[in-house]
Amino acid sequence: MNEFYQKDIISIRDYSREQLEKIFASTDKILQQDPADRREICKGKTLGYLFYEPSTRTRLSFESAVASVGGNSLGISDITSSSHQKGESLADTVRIMSIYSDILVLRHALDGSSRFAAEISDKPVINAGSGTEEHPTQAIQDLFTIKKEKKKIDGLKIGIVGDLKYGRTVYSLLYGLGNYDVDVRLISPESLRIRSDSVYEIKKKLDFTESTNIEEDLDELDVLYVTRIQKERFPDEEEYLKVKGSYVVGQDLLKKMKDDSIILHPLPRIDEISPDVDKTKNAKYFEQAEYGKYTRAALLGLILNENGF
Ligand code: NCD
């Protein structure tokens, strides 16, 4: 039996390097496959999604991914139009959703929401963002992008800049990178440093340095992972205004970087990467969004087929 069969994806910490490499190999297989063969992988399967927070790429890439492997999707993306509005609990909504679908994708503002849903659901649950905690499929897509664009992950110098306090993609990425031999530099305003309660866990597998200055050793980086300041997570708008626009990656900074360095971003971007960077060969965030469709298709294929594909 394939080890991913019927398994939830709650935290990237549950995955070993070998397992991540298997997911990447399955993604490569999907990329090379004839579209007609691809449509056999999850033929007739239904993906159900529940998005209690806004999403563009994550939801659409899951919908597009399941369609590409022959399945279909249904769900709720505007929670105000659902029975949540009438007071239905998350538990009941998850229970109902798991009756109508073969696999569930959940995004929710609470840490622990996906683990809770997985306990209730009879069907596998994929965490598509749980509060500020994690976003594991984004990290799988980020690692796959690095591997495709840099041809390796080991040995790279990776800078992660922006909102390291509230950005859940950052935590999943750091846990995922812990399986590789990388040099990590964290760059953020003082008030948005990585949460101290996570440092111990991250440091078990990964070494990193911290700085507030993006220009420091910028010329050494192979990858710069830029993140959005998570305005909606700030308890106080005043605090947000103090750090808004802290870092803007533009042509001036890009000139100081290695010629073959790559810029990534989970998106949505607000003002942290100027649009004139988009057309440069270093900008890989749109490719990263595209890889998200294929990594998710591979995950669905692995979770929904007892013998893999
Ligand atoms: C991220 C998220 O929702 O955490 N978006 C995404 O899924 N690509 C990042 C963000 O909102 O800044």
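If you're wondering where the values come from, they're calculated on a predicted model, not measured in any experiment.

Conventions adopted
- Residues numbered from 1 in each chain as written.
- Predicted model: local features only at pLDDT ≥ 70, side-chain atom pairs only at ≥ 80, totals over all residues.
- Heavy atoms only, no water.
- Pairing = 2+ DSSP bridges.
- Helix = DSSP H or I, 4+ residues; strand = E, 2+ residues; numbered from the N terminus.
- Axes fitted to C-alpha atoms, helices over the stretch in contact; angles between N-to-C directions.
- Contact = heavy atoms within 4.5 Å.
- Domains from an automatic or database assignment.
- Buried area = accessible area lost by both parts, 1.4 Å probe.
- Salt bridge = Lys/Arg side-chain N within 4 Å of Asp/Glu carboxyl O.
- Polar contact = N/O pair within 3.5 Å; in protein donor to acceptor, adjacent residues only side chain to side chain.
- Parallel < 35°, antiparallel > 145°, perpendicular 65-115°, else oblique.
- Left-handed = near helix turned anticlockwise from the far one by under 90°.
- Nonpolar A, V, L, I, M, F, W, Y, C, P; charged D, E, K, R; others polar.

Undergrad: Can you tell me about the sheet that holds strand E1 (residues 46-51), naming the residues and giving the values?
TA: The strand order across the open sheet formed by four strands is E2-E1-E3-E4, and the pairing between neighbours is parallel. With one partner strand each, in any of the chains shown, strand E2 (72-76) and strand E4 (125-130) form the two edges of the open sheet. Across the sheet, the axes of successive neighbouring strands diverge by a mean angle of 15 degrees, strand direction being ignored. Here E1 pairs with strand E3 (residues 103-108) via five bridges, running parallel. Paired with Leu50 across the bridge in E3 is Leu106. Packing of helix H5 (residues 113-120) onto the sheet brings it into contact with E3 and E4, and relative to E4 it is tilted by some 160 degrees.

Undergrad: Tell me about the domain arrangement of the protein chain, and please be specific about residues and values.
TA: Interfaces are often described in size by the accessible area the parts lose on coming together. Here the protein chain is described as being made up of domain 1 (12-135 + 291-304) and domain 2 (136-289). A separation of 24 Å is found between the C-alpha centroids of domain 1 and domain 2. Facing the 33 residues of domain 1 at the interface are 32 residues of domain 2. Summing the contributions of domain 1 and of domain 2, the shared interface buries around 2900 Å²; its carbon and sulfur component is 57%. Looking at the side of domain 1 facing domain 2, the largest losses of area belong to Ile12, His135 and Tyr291, adding up to 28% of the total buried there. In this structure, Asp28 and Lys148 form a salt bridge, with 2.6 Å as the shortest nitrogen-oxygen distance. For the pair domain 1 and domain 2, the interface holds 22 residue pairs in polar contact (both at pLDDT 80 or more). Contributing elements (two or more residues each) for the side of domain 1 that touches domain 2: helix H1 (17-32), helix H3 (57-68), E3, E4 and helix H11 (285-304). Counting residues per element, the side of domain 1 that touches domain 2 draws most heavily on H1, at eight residues.

Undergrad: Quick rundown of the pattern of salt bridges? Include the residues and the values.
TA: Where charged atoms from two side chains of opposite charge come close, those side chains can pair. Per the counting criterion, the structure on display carries 23 salt bridges. In this structure, Glu201 engages Lys204 in a salt bridge whose closest nitrogen and oxygen atoms are separated by 3.3 Å. With its nearest N and O atoms 2.8 Å apart, the salt bridge here joins Arg228 to Glu232. What emerges from the salt-bridge pattern is a single network uniting Arg13, Glu134, Glu201 and Lys204.

Undergrad: How would you sum up the packing of H3 against H11? Please name residues and give values.
TA: With their axes 8 Å apart at the nearest point, H3 and H11 run at an angle of 55 degrees to one another. One way to sum up the angle between H3 and H11 is to call them oblique. Between H3 and H11 lies a crossing whose hand is right-handed. On H11, the residues touching Arg57, Thr58, Ser61, Phe62, Ser64, Ala65, Val66 and Ser68 of H3 are Ala289, Gly292, Lys293, Arg296, Ala297 and Leu300. Residue composition of the contact of H3 with H11, by class: six nonpolar, five polar and three charged.

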